Every structure is written in structure tokens, then in C-alpha cells.
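Structural characterization, general
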Amino acid sequence: MLTRRGLIATVAAATAAAALPGSAAHAALPEVDMEAVIKAAQIDPRRPDTALTPGAKASVLEVERALQARGLLAATYVDGHFGTSTIAAYAAYQRSLGYTGLDATGLPGPTSLRSLGSGRYTVVRAISPGSIVTLRGVQVNTRTRTMLLEAERLIGSTLTLTQGSYNTGNAASAGTHDGGGALDISVTNLSTATRTTVVLQLRTVGFAAWLRNPSQGDWPYHIHAIAISDTDQSTAAQHQAGDYYLGQNGLANRGPDDGPAVTPKRTWEEYQRM
């Protein structure tokens, strides 16, 4: 089965000529900022309108024009807003490459984004979730692991993980743990103040994180975290990341965010550039 991590050699060969430093083709191609595109692809489908994600318009337009050129997106939706129509069109493109399931959710991965832009644009600030590894008994990807370790450094203690990523079949999670970037963290023996500190530092390094309680669903007290801009996210996790940006709680009721404020909200890549 083809995955989002496939096609690397094929895409590299197809774009090698355009990527040669100093070549006329390379100089003429516009740049698509993958960080901006992924941010828009998480936020824009959750907006109540067609507002644009700041800093993403030019890159999203390039992606939408490429989708339109392939007959996957109507011209009316080539507007810099990575909304549900653009998500659907990008998912169709992913399926045309042979991707299925979590690799065809409409959230761009680095390989498909480069493939789509072959001869049209170059990709800068690429994001990759890395490989899948085991951490304290749960599965995560290496990007998520690195983020968690940095949050723990800021907190000054090691956290207990109760659920990781790539974990399908958990009805209570509503699909948020099916893909990458998802963590559940035990709060047993943590004071109220420490729980807030943990959520704050998770948010600081680029997680959308909340303290969950039994009144909200069929679960005990725990901290739920989604690594923003993880390109392996499930659709449900993408929605939670978008809701976090929009000041919501990441639950089905889309209530107001009940966690500690972090301003501005940053991705892991943005945090590293601080």
C-alpha cells in the first residue's frame, strides 16, 4: 500500500531539474511555505466564514491553482482560503497518487505537496512527522516525541502517557488518536496548579492541549494534546488543532477554550525559531 512517505524518489527525480540552484526554472518558480499551508488547512475548514489565515494566502493560492489545473478544484475556490472544498480537492489528489486512509485526508504531506507543485512551485519550510517510535509504552512519531521532551524540560519532570498516536478503535477518542501527533497524559497525583502548568508548557512548544474532566465525556481526568501541524493527523485531530487556534475547547460542543492562554499560539517549528 502506498503511503504518504512513499514516492520520494519519484518526486525527487521529477523535480530535480527545477531544483538545480541557479537554474532559470528554479529562479522562476514561486515558493510555497508548507508551514503556512498546513496551518491554513487546519484552521480554515473550522472557520464560520472564508477569512484567510494570516501569512498563508500566497502559498495556499499556489496550491489551489495547481489543484485547479488538474481539474480537481473549481475556480471559485481559488481564493487563498484552504476551506472544505480545497481539503476535498487535495484529498482527491492524494488518492490519485494511490494514498488511502490517513494519508488521504486532504492535509498536505511533504511528498504530495512537492509532487503537486512539480514545475509550478518549490516547497520551503517543509514539515515531516518523522518515523513512528515507541515512547513509554505508546506509539508516537519522532516530531511529537521531540516536542514532548522539550515540554518536559520546561516543566522539570517526566509525564506519564496513557495513550499515544496511531491508535485506532478507541471510541471515546472520536478518532483523534487514529493518526499522528496525539497524546493523553495522566494527571494522577498532580496538583491543580501543576496540571495547569503542564497544559501551559505543552501549548508553549506547539501542542493544542487541554485538561479533560469526567463531566465532558466518558473519561477520567487527563490532559489531551494534539501536536499542531503534524501532517499525520487524523481528520478529528486536524479539527481540534483548528479549533484551538480559533479559541475553542476542541470538543464536539466547540465551547470556549478553558485552558491557559498562550499568545501568540506557536507551532513546534515557530517555537524553535524563538
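Before reading on, note that the structure itself is shown above.
Residues numbered from 1 in each chain as written. Predicted model: local features only at pLDDT ≥ 70, side-chain atom pairs only at ≥ 80, totals over all residues. Heavy atoms only, no water.

**Thoughts on the nonpolar core**
- Ranked by internal contacts, the top residues of the largest apolar core, which has 29 residues, are V63, L67, F82, Y90, L113, L116 and Y121.
- At the level of elements, helix 3 (34-43), helix 4 (57-69), helix 5 (84-96) and helix 6 (110-116) are the ones that each hand at least two residues to this core.
- The element best represented in this core is helix 3, accounting for six residues.
- Apart from residues lying up to four places away in sequence, L67 is in contact with L72, L73, T86, A89, Y90, Y93 and L116.
- Membership of the second largest hydrophobic core comes to 24 residues, among which are L183, V198, V199 and W268. (Core = buried A, V, L, I, M, F, W, Y, C linked by side-chain atoms within 4.5 Å. Buried < 20%, exposed > 50% of the residue type's maximum accessible area, 1.4 Å probe, protein only. Helix = DSSP H or I, 4+ residues; strand = E, 2+ residues; numbered from the N terminus. Contact = heavy atoms within 4.5 Å.)

**A closer look at the packing of aromatic side chains**
- With the rule as written, the count across this model stands at four aromatic pairs.
- Note on Y90 and Y93: the rings are 6.1 Å apart at their centroids and 70 degrees apart in plane angle, and the pair reads as edge-to-face. Note that Y90 and Y93 are positioned in helix 5 at a spacing of three residues, about one turn of the helix. Y93 matches Y90 in its accessibility class, with the two residues each being buried. (Phe/Tyr/Trp six-rings, centres within 6.5 Å; stacked < 30°, edge-to-face > 60°.)

**Quick word on the pairing of strand 6 (residues 182-186)**
- Counted residue by residue, strand 6 has five buried out of five residues, so it is predominantly covered.
- Across the two faces of strand 6 the burial is the same, with A182, D184 and S186 and L183 and I185 all buried.
- Judged from the five bridges that link them, strand 6 and strand 8 (residues 222-227) form a sheet pairing that is antiparallel. For S186, the partnering residue across the bridge sits in strand 8 and is H222. (Pairing = 2+ DSSP bridges.)

**As for the sheet that holds strand 5 (residues 161-163)**
- Read across the open sheet, the four strands follow the order 5-6-8-7; overall the sheet is antiparallel. The two strands at the open ends of the sheet, each matched to only one other strand, are strand 5 and strand 7 (207-212). Strand-to-strand, the axes of this sheet are offset by a mean angle of 30 degrees, without reference to chain direction.
- Helix 8 (residues 192-205) rests against strand 6, strand 7 and strand 8 of the sheet, and its axis sits at about 165 degrees to strand 7.
- Seen against the sheet, helix 9 (residues 235-245) touches strand 7 and strand 8 and runs at an angle of roughly 90 degrees to strand 7. (Axes fitted to C-alpha atoms, helices over the stretch in contact; angles between N-to-C directions.)

**Some remarks on helix 7 (residues 142-155)**
- Look at helix 7: 20 Å from first C-alpha to last across 14 residues, which is about the 20 Å you get at 1.5 Å a residue.
- When helix 7 is considered as a whole, its buried residues turn out to be R143, T144, M147, L148, E150, A151, E152 and I155. (Expected span 1.5 Å × (residues − 1).)

**Some remarks on unusual backbone geometry**
- Of note, the amide linkage connecting T263 to P264 takes the cis form, showing an omega dihedral of -5 degrees.
- At R136, a position not held by glycine, the phi torsion is positive, near 50 degrees.
- Structurally, R136 is set in the loop between strand 3 (132-135) and strand 4 (138-141).
- At Y166, a position not held by glycine, the phi torsion is positive, near 55 degrees.
- If you trace the backbone, Y166 turns up in the loop between strand 5 and strand 6.
- Judged by its relative accessible area of 19%, Y166 is buried.

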